[in-house]
Every structure is written in structure tokens, then in C-alpha cells.
Amino acid sequence: MNSQLITNKLLALRDETNKAFVEKLIPTVPKECILGVRTPQLRTLAKDLWKNQPLVSDFLAKLPHYYLEENHLHGFLIEKSNDYSWVMTQTERFLPFIDNWATCDSFSPKIFKKYPTEVYVKIKQWLDSPHTYTVRYGIGLLLSNYLDEAFEKAMLHQVAGIHSEDYYVNMMIAWYLATALAKQPTATLPLIKAQTLPKFVQNKAIQKARESRRISEEMKTALLGYKL
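Residues numbered from 1 in each chain as written. Predicted model: local features only at pLDDT ≥ 70, side-chain atom pairs only at ≥ 80, totals over all residues. Heavy atoms only, no water.

### Focus on the packing of helix α1 (residues 2–12) against helix α5 (residues 68–79)
Rules: Interaxial angles span 0 to 180 degrees and are taken between N-to-C directions of axes, which are lines fitted to C-alpha atoms, for helices over the stretch in contact. Secondary structure is summarised from DSSP: a helix means a run of H or I of at least four residues, a strand means a run of E of at least two, and numbering begins at the N terminus for each. Here is the rule for handedness: rotate from the far helix to the near one, and if that takes an anticlockwise turn smaller than a right angle the crossing is left-handed, while a clockwise turn gives right-handed. In what follows, a contact means two residues having at least one pair of non-hydrogen atoms within 4.5 Å. Under the scheme applied here, ten amino acids are nonpolar (Ala, Val, Leu, Ile, Met, Phe, Trp, Tyr, Cys and Pro), four are charged (Asp, Glu, Lys and Arg), and all others, including Gly, are polar.
Their axes nearest at 10 Å, the elements α1 and α5 cross at an angle of 115°. Between α1 and α5 lies a crossing whose hand is right-handed. Residue-level contacts link Ile6, Thr7 and Leu10 of α1 to Glu69, Glu70 and Leu73 of α5. Broken down by class, the residue content of the contact of α1 with α5 amounts to 3 nonpolar, 1 polar and 2 charged.

This is the structure in C-alpha cells:
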């Protein structure tokens, strides 16, 4: 099986010291599924593997993966392509198998920035998904790719309108809102002032914003008054 060759490469790169660190960082992944391979090594491996398309195709076809690093590598391999249609197809196939915040947050194809309208259509679908990390992924893309010139006020309210009991979804909502306060304060501040968000999201967004260097001291002081 060709995909086993890639797994063997990952096993050869395992790092016990980093493994112990990652285990604490990503408690939702079983310890036996973590090798501790560092991200720069995974990106270098993706670059090298990309030259062997049959091997890459075989690996990408194999889902679900067992190791955390296999999932990371899967995302990094998808990122290597400049074919939007292929990348989106592979992304939608991969999303249901993402099972942790780290894989979710580290996977962001650059090609998506060239197709903001098309990707936004997909994001709106992902935000309605019952799968935690599909929702988190959609919010993450709105944070990274749609808070500057591509920003629309409707996006802000779509994120604010997500009601979830999941910690990893709510943390991403709060992170999005804190970043929006820095980049789109005129649109975002009224939402915080309204105090209609869930308590955890409201307070965590304010905390993250107050930790940001992009937020003025004046706003940081004002935000304290809107904690729940």
C-alpha cells in the first residue's frame, strides 16, 4: 500500500519531547495517535511528496487517517495545488474527518483567496453543518480571508448567529469577533454593546480583544463595561 510509505516517513520523524507538548495542547486526540512531528517538517514533507502525484493521490484517498500528523499532512498536501476546483473538492471530502482544532486551524489553501465569492457560498453551507470542525473551519476562513476588503456586515451577523454548545466552535466565534473589533470596529462594536451574545462568547471576545495590540486603550477600557 503506497500510503503506508508516507506513514513510515512520519514514524521516522516522531519526536517524543514534542509529542508530550502536543498531547497537552490537543487533549481531544488520543495520545497514541500523536507522533510529535513538528509542523515545519510536515510542510517540507508535503513539498517533497507533491512531486510524486500517484503517491499523493493514494494517501489522500485514504480516510480516515490514524495519526494526527497524517491529518495535518493531508491538509498541507491539498494546499499545494493551484486548481481551485480540485482543492475545493478535496477540502469538502476532508472536512468531515477533521477531528481536532489544530488540523482545522492550520489548513488554509491560498487559492481560496482568489475565489472569495465562490468560497463564501461554501462557507455559508459549512456554518450550518452539524460537525464541530466544519463549522469552526468556516468561521476561521471568514476570520482570515474576509475581515478586510472582502468584509460584508452580513458575515458578522452570520457568525454571531451561530448557537453552539461546543467549546471549540464558541472559541472560534469569540476569536473572530475579537479580530473583527480590531479590523471592522464600526460594524462590530454595536454587536458587543447589545450584549445579546451568549455569555461565554461575549466575555471571551472581550478578553481576546483586550489582549490584542491592534485595539486602542480607549476601546479596551470601554469593552470592560460590556462584559456579562
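### Details of the nonpolar core
Short version of the rule: We call a set of buried Ala, Val, Leu, Ile, Met, Phe, Trp, Tyr and Cys residues a nonpolar core when their side-chain atoms join them within 4.5 Å. Buried means the residue's accessible area, taken with a 1.4 Å probe over protein chains only, is under 20% of the maximum for its type, while exposed means over 50%, and partly exposed covers the values in between.
Core analysis: the biggest nonpolar cluster contains 70 residues, and Leu73, Phe112, Ile123, Ile139, Leu142, Tyr176 and Leu177 have the highest contact counts within it. In terms of residues, this core owes the most to one element, helix α11 (residues 167–183), which gives 10 residues. Once residues lying within four places of it in the same chain are set aside, the contact partners of Phe112 are Tyr84, Val87, Met88, Thr91, Val119, Tyr137, Leu141 and Asn145. By size, the runner-up hydrophobic cluster in this structure holds 7 residues, among which are Val22, Ile26, Cys33 and Ile34.

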